[in-house]
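Examination of the molecular architecture
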Amino acid sequence: MQVPPLENRDAAAMCDLYGEIARCTACPLFRTRTNAVPGEGPVPCDVMLVGEGPGVEEDRTGRPFVGKAGHLLRTLLREEAGLDPEAVYITNVVKCRSSVLQNGRTVDAPPPLSARQACEPFLTLQQMLVRPRVTIVVGSVASRQLLGRPIGEVAGTLVVYPDGRKYLPILHPAAALRSDEAMDDLRCQVRGIGMWLDNNPDVRRRAEDYARV
Ligand code: SF4
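Parameters at a glance
- Residues numbered from 1 in each chain as written.
- Predicted model: local features only at pLDDT ≥ 70, side-chain atom pairs only at ≥ 80, totals over all residues.
- Heavy atoms only, no water.
- Helix = DSSP H or I, 4+ residues; strand = E, 2+ residues; numbered from the N terminus.
- Buried < 20%, exposed > 50% of the residue type's maximum accessible area, 1.4 Å probe, protein only.
- Near = heavy atom within 4 Å.
- Nonpolar A, V, L, I, M, F, W, Y, C, P; charged D, E, K, R; others polar.
- Pairing = 2+ DSSP bridges.
- Contact = heavy atoms within 4.5 Å.
- Axes fitted to C-alpha atoms, helices over the stretch in contact; angles between N-to-C directions.
- Core = buried A, V, L, I, M, F, W, Y, C linked by side-chain atoms within 4.5 Å.
- Phe/Tyr/Trp six-rings, centres within 6.5 Å; stacked < 30°, edge-to-face > 60°.
- Lys, Arg positive; Asp, Glu negative; His and termini not counted.
- Salt bridge = Lys/Arg side-chain N within 4 Å of Asp/Glu carboxyl O.
- Polar contact = N/O pair within 3.5 Å; in protein donor to acceptor, adjacent residues only side chain to side chain.

1. Observations regarding the environment of V154
Within the fold, V154 resides in helix α6 (residues 151-154). You can call V154 buried: its relative accessible area is 1%. The spatial distance from the C-alpha of V154 to the C-alpha of G139 is 10 Å, given a sequence separation of 15 residues.

Take a look at the structure:
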C-alpha cells in the first residue's frame, strides 16, 4: 500500500477503512483469516471491480485476485480489454476468506449470507470513496449482491440503473479454470469490457491518474 498524498482525502479515508476492516470481528470469518483483504487500487477511480471474497492466496498475502483465478482475470483484462489491472480499484463482497473442511483439506467456499450482510457496509463505503463510473462485477456472489440477479442472466451485458450507475458483469475466473466453455465465455465478456472502454476513452485514460492505496 502506498501512502496517499495528504490532499487526497478519499485515499486517506480508504486507508482508515482498511484499518477498520483489519480489526473487524463482525462475522465469524474473522476467526479463521490470516489477513483481511480490503482491496487495492487508485482512489478515487473510474473503474472498480468487485469479486466474491479472498481465497487461500489472497488470505496469505492480504491482496485481492492474486491466486490462480485472480492471475487469469488480471491477464485477460490486460490482453482482451487493454485494461491495466493496476488502474482498477479491486475488492470483494467479503473481506475475509470463507472456507470449509473437505476430505481433511481446507478449501474455499462461497461466503455465507451472514458474512455478506455483515461486510456490506464496508463495500458501500468503498463505492462512495472510489466513485466508479463503471463497476466490473465478477461472479455469482457479487452479481447477487450488487445487481440482485444471477450472473447467468447478466454476464456479458451492460447494466445501467436510472441513477446512472453502470455495471459490467462477467463470469468468475474460477469457473473458467474448470471449463473450456466458461473460459471462452469469459474471454468474450472481457473483450466486451474493452469495447465499452473504447467507446468511453476518458474512463480508461483517467483511471491511472490517482493515488493507489
Ligand atoms: Fe468483518 Fe467482513 Fe471480515 Fe466478516 S468478512 S470479519 S464482516 S471484514
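Moving on, there is more to tell.
2. Observations concerning the site of the ligand
Taken together, C24, A26, C27, F30, R33, K95, C96, A118, C119 and F122 make up the full set of residues adjacent to the ligand. A per-class count over the shell around the ligand returns eight nonpolar, no polar and two charged.

3. Digging into the sheet that holds strand β1 (residues 47-51)
In spatial order, the strands read β2-β1-β5-β7-β6; together these five strands make up an open sheet with mixed pairing. Either end of the sheet is taken by a strand with one partner, and the two such strands are β2 (89-92) and β6 (159-160). Pairing of strand β5 (residues 134-138) with strand β7 (residues 166-170) involves four bridges; the strand directions are parallel. In the strand pairing of β7, V137 is matched with P169. Set on the sheet, helix α8 (residues 180-199) makes contact with β1, β5 and β7; between it and β7 the angle comes to about 155 degrees.

4. Some thoughts on the nonpolar core
One finds M14, L49 and I136 to be the most contacted residues of the largest nonpolar core, which totals 60 residues. In terms of residue count, the dominant contributor to this core is α8 (seven residues). Other than its neighbours up to four places away in sequence, I136 contacts V47, M48, L49, V50, L77, L83, L168, I170 and I193.

5. Quick look at the packing of aromatic side chains
Considering all chains together, one arrives at one aromatic pair under this definition. A ring pair is formed by Y161 and Y167, whose centres lie 5.7 Å apart and whose planes are at 85 degrees; its orientation type is edge-to-face. The class of Y161 is partly exposed, set by a relative accessible area of 24%. We classify Y167 as buried; its relative accessible area is 3%.

6. Concerning the side chain of E58
Along the chain, E58 falls in helix α2 (residues 56-61). Buried and without a salt bridge, E58 has R97 as its closest oppositely charged side chain, separated by 7.2 Å. Of the polar contacts made by the side chain of E58, one reaches the backbone nitrogen of V66; its length is 3.0 Å. Setting aside its immediate chain neighbours within four residues, E58 contacts V37, R63, P64, F65, V66 and G67.

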